[in-house]
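Coordinate analysis (summary)
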Amino acid sequence: MATRQRRSHAERKAESELALLNAAINVIAEAGVGAVTFEALGRTSGLSRGLATVRFGSKSGLIEAVLHHLHERQEALIRQHHFDDMRGIDAVLGYVELCLRDMGHRNEAKAYFMLLSSAVAEGSDLRASFAKTHSVVKTHLQRWVERGLEDGSVGSSIDPHDAGLMIGSLMFGISMQLLVDPSTEIEPLREASIAMLRKSLAA
């Protein structure tokens, strides 16, 4: 019985923390980083302001938790779509397509890049966290390009390191365009990006 109660408490704690993180993501995506307060989190999540304070301690602690959550979500999507089991070029194109669809239709992607732009503009310590996440993404892309060189789906003249950096920069640029001009149509950009990358990378 005691074990069941402890597990139930842990589950409730995880659920409330996830609700607060999702509330923060929605507030950031809809109103910007400056709108994130524990009061706003309470209103959006339906939980108390005090609970948010207990869970994260400060706004910087909350933002760090949001970044960690978004990073874990991205890694889970990579596993879920089995990119590591695909031909190199298919993994690269599948990942780019997934990310671009996310940018146009999900608050998680919008919140991530709003946090990133804020961190760069303010010169905050969060830049190190973003650099780490971007390095992980570049490593994924570089590894898939290397596999493409091995399986023959990527042209032999392609440098994996440069390709990974270029592809990541392309997605970053599109994300900034969407933030600057929210009326930008993502689908034509997605189709053009996939076609360009396929032509550039294919053997």
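Anything mentioned here points back to the structure above.
Description of the structure in this document. (Residues numbered from 1 in each chain as written. Predicted model: local features only at pLDDT ≥ 70, side-chain atom pairs only at ≥ 80, totals over all residues. Heavy atoms only, no water.)

All right, on to the nonpolar core then. Generally speaking, soluble globular proteins have nonpolar side chains that are buried together. One finds Leu62, Tyr95 and Met171 to be the most contacted residues of the largest nonpolar core, which totals 58 residues. Non-local contacts of Tyr95, meaning those with residues more than four positions away in its chain, are made with Gln74, Ile78, Phe83, Val137, Leu141, Trp144 and Met171. (Core = buried A, V, L, I, M, F, W, Y, C linked by side-chain atoms within 4.5 Å. Buried < 20%, exposed > 50% of the residue type's maximum accessible area, 1.4 Å probe, protein only. Contact = heavy atoms within 4.5 Å.)

Further remarks concern the packing of helix α4 (residues 59–80) against helix α6 (residues 107–122). In the contact formed by α4 and α6, the axes pass within 11 Å of each other and the chain directions differ by 130°. Classified by the angle between their axes, α4 and α6 sit oblique to one another. The two elements α4 and α6 meet at a crossing, and its hand is left-handed. In contact with Ile63, Val66, Leu67, Leu70 and Arg73 of α4, α6 contributes Glu108, Tyr112 and Leu115. Among the residues making up the contact of α4 with α6, the classes are represented as six nonpolar, no polar and two charged. (Axes fitted to C-alpha atoms, helices over the stretch in contact; angles between N-to-C directions. Helix = DSSP H or I, 4+ residues; strand = E, 2+ residues; numbered from the N terminus. Parallel < 35°, antiparallel > 145°, perpendicular 65-115°, else oblique. Left-handed = near helix turned anticlockwise from the far one by under 90°. Nonpolar A, V, L, I, M, F, W, Y, C, P; charged D, E, K, R; others polar.)

Attention now goes to the side chain of Arg147. In this fold, Arg147 is placed in helix α7 (residues 126–151). Note on Arg147: relative accessible area 18%, which makes it buried. Setting aside residues up to four positions removed in sequence, Arg147 forms contacts with Phe83, Asp84, Met86, Arg87, Gly88 and Ala91.

What follows concerns the pattern of salt bridges. Counted according to the given criterion, the structure contains 11 salt bridges. In this structure, Asp84 and Arg143 form a salt bridge, with 2.7 Å as the shortest nitrogen-oxygen distance. With Asp84 in the loop between α4 and α5 (88–105) and Arg143 in helix α7, the pair connects residues that are 59 residues apart, well separated along the chain. The class for Arg143 is partly exposed, based on a relative accessible area of 29%. One salt bridge connects Arg147 with Asp84, and the closest N-O pair in it is separated by 3.8 Å. With Arg147 in helix α7 and Asp84 in the loop between α4 and α5, this pair connects stretches of sequence that are 63 residues apart. Here Asp84 falls in the partly exposed class, since its relative accessible area comes to 38%. (Salt bridge = Lys/Arg side-chain N within 4 Å of Asp/Glu carboxyl O.)

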